[in-house]
Amino acid sequence: MILKVKTVYKCMECGYESLKWMGRCAECGAWNSLQEISSSNNKKVMLNETRKGLSKVKALKLTNVEVGKNQRILTGIHEFDRVMGGGIVKDSVTILTSPPGGGKSTLILAISGEIAKQGKKVLYATGEESDSQIKNRADRILEQIHENIWIIADTSLNSVLDAIVEIDADVIIVDSIQTFTLDEFLPARAGNPTQTMECANTLVQCAKNKERQRAIILIGQMNKNDEMAGLRSLEHLVDTVLLMEGNHEEELRSIVATKNRFGSTGEMGFFTMTEKGLISIDNPSEYFVTKREYNEMVIGSTITVIKEGSRPVISEIESLVSNSFTPYPSRICEAMKKDQMNTLISILEQRGKVSLYDKNVVIKTTGGIKLKEQAVNLAVIMCIASSVYNKPIPWNYAFIADVGLTGELKKVPSIESRVKELDRMGFIKVFVPQNSIRKVTLQNIEVIECKTLIQVITYCISKK
């Protein structure tokens, strides 16, 4: 039976459908949100025709399902493997996205080089760049281009699927998924939600073929709202979603797993961008702290511990307090929300008895790491107090606590693992809330429990 297919335009924001394209959705008012899709006038017949072509798969008892050993591919890039949960699963589909210039292609090319060294065949399919452009980047990033890396520059996914079978690739890179099309859906242009989802579905079936499992990494484009372009269904379809963060003008890059079926969600890996590509920061606690001499004392600097996924990371916070000659003093901080900073300044003024109404306050972090947790609040307040009193806090002191509006120190999650990280790095004292830590075995560090903010200020600054 011949099916009549008509073209409609669907709003990606609210689902409104129109027979013609419009610049603005008539339902929700969103601009440039209408995408072309194809629909059939007889969905029931189409469903029946589709069902006839499906192979029958028998249900199995979960206890009888066989799980092979050594199901992961280690890339040798420590931070990437850790975020993935211990390497790339052999029959998985991963999607990586970031703003333009974030370093997606650079990282993936480095991963391809490491996997190829293990004797596995890697197919790099690009729909955005030419093969010569990829070769130029590889010459710059890789010490030696391995013979196991293959490349195909084409926007037709059918050509890519043929190349996968011909080469018998173990790992396939698709850069980017929004630029590819299937011949079966040619009326829909590249980037159309229908094309993107069908291409992704086809690649998922390719990866999870029981006769020949393959690992597939998709690179996804990002829209102006810093979200992955296309339907949300794309994120539900794949096994792992990786988001690369970092300004293209800065050296620091981070990768966070917002979804991971084979590991922990929220794990974060750190990289630094160099002329030779992305370099893994295997010990972030050293990277985000300024190295100083043992007896060196610096005003306006404190140490805290943040949690990135399951890993504690030691971070340094710096402050600068100066007299203001305007009615409205400046409050500048790129590492945390301005409202949070103003709240901490108010607590220090009222509960810590420190006058800041005529002072400019500037806060930053070493390495540019973001302060997203409440556990850093005591360290932020203490670095400001150090600048106001013009007295340094010893570099081997650390602060882990939230501070309430009453000036009381509050408990924070995972405080034991944070203290152990400080102990490992050689710090001698850490200030925490009362009754917040269980008995743990420590080698060097002394845990000082305080009830209020004024007790910490008195101990570290006022009594000197």
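Treat the numbers as computed from the prediction; the structure is a model and nothing was measured.

A.B. asks: I would appreciate a short explanation of the packing of helix α5 (residues 157-167) against helix α6 (residues 193-207) in the present structure.
C.D. replies: Axes are the key here: two packed helices are described by the angle between their axes and the distance separating the axes. Where α5 meets α6, the axes come as close as 11 Å, and the angle between the chain directions of the two elements is 10°. One finds that α5 runs roughly parallel with respect to α6. Taking contact as the criterion, the partners of L157, L161 and I164 in α5 are, on α6, C199, T202, L203 and C206. The class makeup of the residues in the contact of α5 with α6 is six nonpolar, one polar and no charged.

A.B. asks: Help me understand the nonpolar core in this model?
C.D. replies: The nonpolar side chains of a soluble globular protein tend to be buried, and buried together. In this structure, L378, V380, M382, I384, F399, F431 and V456 are the most contacted members of the largest nonpolar core, which totals 47 residues. In terms of residue count, the dominant contributor to this core is helix α10 (residues 377-389) (eight residues). Not counting residues up to four positions away in its chain, the partners in contact with L378 are F399, A401, V403, L409, F431, L453 and V456. Membership of the second largest hydrophobic core comes to 30 residues, among which are L107, I111, L142 and L278.

A.B. asks: Would you mind going over helix α9 (residues 338-351) with me for this structure?
C.D. replies: Along its 14 residues, α9 runs 20 Å from first to last C-alpha, staying within 8% of the 20 Å computed at 1.5 Å per residue. Among the residues of α9, those classed as buried are Q340, M341, L344, I345, I347 and L348. For α9, the arc enclosing every buried residue in end-on projection is 155°, short of the 170-degree limit, so these residues lie on one face. More than 90 degrees from the buried face of α9, the exposed residues found are K338, D339 and Q350. Positive backbone phi, at 60°, marks K353, one or two positions downstream of α9.

A.B. asks: What's the story with the sheet that holds strand β18 (residues 359-365) in this structure? I'm lost.
C.D. replies: Pairing between the strands of a sheet comes from backbone hydrogen bonds, and it takes one of two forms, parallel or antiparallel. Strand order in the open sheet formed by four strands is β15-β16-β18-β17, with mixed pairing between adjacent strands. Each edge of the open sheet is held by one strand with a lone partner, namely β15 (301-308) and β17 (331-333). This sheet shows a mean twist of 20° between the axes of neighbouring strands, independent of strand direction. With three bridges joining them, β17 and β18 adopt parallel strand pairing. Following the sheet pairing, I332 is matched in β18 by V362. Sheet strands in contact with α10 are β15, β16 (311-323) and β18, and its direction is about 35° off that of β16. Strands β15 and β16 of the sheet are contacted by helix α11 (residues 415-424), whose axis makes an angle of about 125° with β15.

Conventions used here
Residues numbered from 1 in each chain as written. Predicted model: local features only at pLDDT ≥ 70, side-chain atom pairs only at ≥ 80, totals over all residues. Heavy atoms only, no water. Axes fitted to C-alpha atoms, helices over the stretch in contact; angles between N-to-C directions. Helix = DSSP H or I, 4+ residues; strand = E, 2+ residues; numbered from the N terminus. Parallel < 35°, antiparallel > 145°, perpendicular 65-115°, else oblique. Contact = heavy atoms within 4.5 Å. Nonpolar A, V, L, I, M, F, W, Y, C, P; charged D, E, K, R; others polar. Core = buried A, V, L, I, M, F, W, Y, C linked by side-chain atoms within 4.5 Å. Buried < 20%, exposed > 50% of the residue type's maximum accessible area, 1.4 Å probe, protein only. Expected span 1.5 Å × (residues − 1). Arc of directions from axis to C-beta. Pairing = 2+ DSSP bridges.

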